[in-house]
Amino acid sequence: MKIAQVTPLYEAVPPRLYGGTERVVAHLTDALVDLGHEVTLFASADAHTKARLVATRDQAIRLDPAPLKSDLAAHLAQIAEVRAMADAFDVIHFHTDMVQFPFFADRAERTLTTLHGRLDLKDLPAVYKRWPQFPLVSISDDQRRPLPFANWAGTVHHGMNADLYRFSEKSDGYLAFLGRISPEKRPDRAIMLAKRLGKRLRLAAKVDPADRAYFETTIEPLLADPLIEFVGEIGDHEKSAFLGGAEALLFPIDWPEPFGLVMIEAMACGTPVVAYRCGSVPEVIDDGVTGFIVDNDDQAAEAIIRATALDRNLVRRRFDTRFSSEAMARRYVALYEKLCDGAAVYPSLVDLAASA
């Protein structure tokens, strides 16, 4: 099958440091190539891929030192390039939200769009009602809740290349937090739990400009405690040691997380996850096997203590079964085949009017 993968241009593929969507696209693309498909990746020139690369920008946007940039212009130029080559592909798989909709409305039935972000934003319903012909993929069933009327073709949980993550038979006796420093990710809650239990906590986290004030006023004052170590932003080559050395990954979120890639990265290292029941968490964590799902701080503290008794080998095996990049790629191939067979499902105009 001839497949195009179209990624956002904010990060390299895979990202050099923090980044979710582009990391997933990197692993999916390589897995599709390994399965024997002819894949073309539309991305920035700093991508590393087994596929044919069509570079639509000289480098990813976030780490580009140019002081003035237009992400909209970059993505419009990319979509135009994809459109010019569209006849070469059986399926075009977009990971760029909805920017492609006006350009591909006449051939939507041969496209698939994976939505990677939160969908409870004010302006989104009108877009998906305006272009109902585009088959969509959710990354968790919970992600769909704000848009139940949309043209959902399926849910495909994320997967990662298992070879990139080193299994750790035992921990080095600390707790880990990996992600962004932001209010919805609740690093403050992770710090509170570590202090409550007298356990070391290492935070490997990115601080976006939008979250700088939150970091400086809320989180930075908490870092003076000798139990707490702020590592900063890390890349893939550092994750196995960081996650594998942890007794548990803390995922103390307070928002409708669409997926939560760090949970399966921890599992790949054999590290159990203690996660609050929000968003996709119940779909990702096998409670009592790969970690614990909790509803409050008291349950979280108890779960952290119990996590050391979980079988780290079984945690890794569950990752291999459920969240490898090959498993993800095979699920997407099944959707591609349905599209090529003309099996895409479209909501009727009556249904759309009723949900308006």
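It should be noted that the structure appears before, not after, this text.
Read on for a plain summary of the structure. Note that the coordinates shown come from a computational prediction; the quantities given were computed from them, not determined experimentally.

A separate point is the packing of helix 8 (residues 261–268) against helix 11 (residues 312–322). In a pair of packed helices, the angle between the axes and the distance between the axes together describe the arrangement. The contact between helix 8 and helix 11 brings their axes to 7 Å, and the two run at 125°. Judged on the interaxial angle alone, helix 11 and helix 8 are oblique. Together, Ile264, Met267 and Ala268 of helix 8 and Val315, Arg316 and Phe319 of helix 11 make up the contact between the two elements. When the residues that make up the contact of helix 8 with helix 11 are grouped by side-chain class, the tally is 5 nonpolar, no polar and 1 charged.

Structurally, lysine 199 is set in the loop between helix 5 (187–197) and strand 9 (201–206). At a separation of 2.9 Å, a polar atom in the side chain of lysine 199 contacts the side chain of glutamate 247. Here lysine 199 is in contact with Leu175, Ala194, Leu227, Glu247 and Ile304, once residues within four sequence places are set aside.

What the 6 strands build is an open sheet, ordered 10-9-8-11-12-13; its pairing is parallel. Strands with a single pairing partner mark the edges of an open sheet, and in this sheet they are strand 10 (228–230) and strand 13 (291–294). Pairwise comparison of adjacent strand axes, ignoring direction, gives a mean angle of 20° for this sheet. One ladder, built from 3 bridges, connects strand 11 (residues 246–251) with strand 12 (residues 273–276); its direction is parallel. Opposite phenylalanine 251, over in strand 12, you have alanine 275 as the bridge partner. Contacts from helix 7 (residues 236–244) reach strand 8 (174–180), strand 9 and strand 11 within the one sheet, and its direction differs from that of strand 8 by about 140°.

Conventions used here
- Residues numbered from 1 in each chain as written.
- Predicted model: local features only at pLDDT ≥ 70, side-chain atom pairs only at ≥ 80, totals over all residues.
- Heavy atoms only, no water.
- Axes fitted to C-alpha atoms, helices over the stretch in contact; angles between N-to-C directions.
- Helix = DSSP H or I, 4+ residues; strand = E, 2+ residues; numbered from the N terminus.
- Parallel < 35°, antiparallel > 145°, perpendicular 65-115°, else oblique.
- Contact = heavy atoms within 4.5 Å.
- Nonpolar A, V, L, I, M, F, W, Y, C, P; charged D, E, K, R; others polar.
- Polar contact = N/O pair within 3.5 Å; in protein donor to acceptor, adjacent residues only side chain to side chain.
- Pairing = 2+ DSSP bridges.

The values reported here are purely geometric and, on their own, carry no functional implication.
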